Amino acid sequence: MFISEAMAQAADAVTTSAQGSLSGTLIQLGLIFVIFYVILIRPQQKRMKEHDQLLSSIKKGDRIITGGGIYGKVVKADESPELVVEIAEGVNITVNRMTVRDVVNPQPKAPANANKKSKSKK
């Protein structure tokens, strides 16, 4: 009789600890998913959205670099997925819009002497 009572108590303990570990495991998996979402998934989605906006904003006259490393000037850019790019004088190629890595328009530079004049007036 003593052995059967001990076995019953052991079975209750196993059931209770199994339920506790299941909820703990689910909480841990949930935390891992949240951490992955914040660290990996969300920033990647943000970068993809920015790149899509960049691709849709390409216009005639922009200087671009393709995924293959080709620099060129956009000659024709309409709503189609293709761009006509001039890579050398008189040499035009057609590239898929999705292969554009970046727009590299040169930034207008302020004259160097403009800063010197403003400093000398002080």
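Residues numbered from 1 in each chain as written. Predicted model: local features only at pLDDT ≥ 70, side-chain atom pairs only at ≥ 80, totals over all residues. Heavy atoms only, no water.

### Regarding the nonpolar core
Membership of the largest hydrophobic core is limited to 8 residues, which are Leu55, Ile58, Ile64, Val74, Leu83, Val85, Val95 and Val100. Beyond its immediate stretch of four places on either side in the chain, Leu83 contacts Ile58, Ile64, Lys76, Ala77, Ile93, Thr94, Val95, Arg97 and Val100. (Core = buried A, V, L, I, M, F, W, Y, C linked by side-chain atoms within 4.5 Å. Buried < 20%, exposed > 50% of the residue type's maximum accessible area, 1.4 Å probe, protein only. Contact = heavy atoms within 4.5 Å.)

### Quick word on the confidence of the model for the protein chain
Of all residues in the protein chain, 70% attain a pLDDT of 70 or more, and the chain-wide mean is 83. Within the protein chain, the lowest mean pLDDT, 57, falls on helix H2 (residues 112-120), and the highest, 96, falls on strand E4 (residues 91-96). (pLDDT = per-residue confidence, 0-100. Helix = DSSP H or I, 4+ residues; strand = E, 2+ residues; numbered from the N terminus.)

### Here we look at the sheet that holds E4
The sheet built from 5 strands is open, its strands ordered E4-E3-E2-E1-E5 with antiparallel pairing. The sheet is open, and its two borders are formed by E4 and strand E5 (100-103), each paired with just one other strand. Put simply, the sheet's adjacent strands are angled 45 degrees from each other on average, direction ignored. Summarising the sheet, strand E2 (residues 71-77) and strand E3 (residues 82-88) pair through 4 bridges and their orientation is antiparallel. The residue of E3 that forms the bridge with Lys73 is Glu86. (Pairing = 2+ DSSP bridges. Axes fitted to C-alpha atoms, helices over the stretch in contact; angles between N-to-C directions.)

### A few points about the environment of Gly61
Structurally, Gly61 can be placed in the loop between helix H1 (2-56) and strand E1 (63-66). On the basis of relative accessible area, Gly61 is assigned to the partly exposed category, the value being 34%. Considered as a pair, Gly61 and Val75 are 14 residues apart in the sequence and their alpha carbons are 6.3 Å apart. Setting aside its immediate chain neighbours within four residues, Gly61 contacts Lys73, Val74 and Asn105.

### Here we look at the side chain of Thr66
Among the structural elements, Thr66 can be located in strand E1. Sequence-distant contacts of Thr66, defined by excluding residues within four places in its chain, comprise Val95, Thr99, Val100 and Arg101.

### Some details on the pairing of E2
Sheet analysis places E1 next to E2, joined by 3 bridges and oriented antiparallel. When the bridges of E2 are listed, Ile65 appears paired with Tyr71. Here E1 hands over to E2 after 4 residues, with Gly69 in that stretch at a positive phi of 90 degrees. In textbook terms, the turn of a hairpin is the stretch between consecutive antiparallel strands, and for E2 and E3 this stretch comprises 4 residues.

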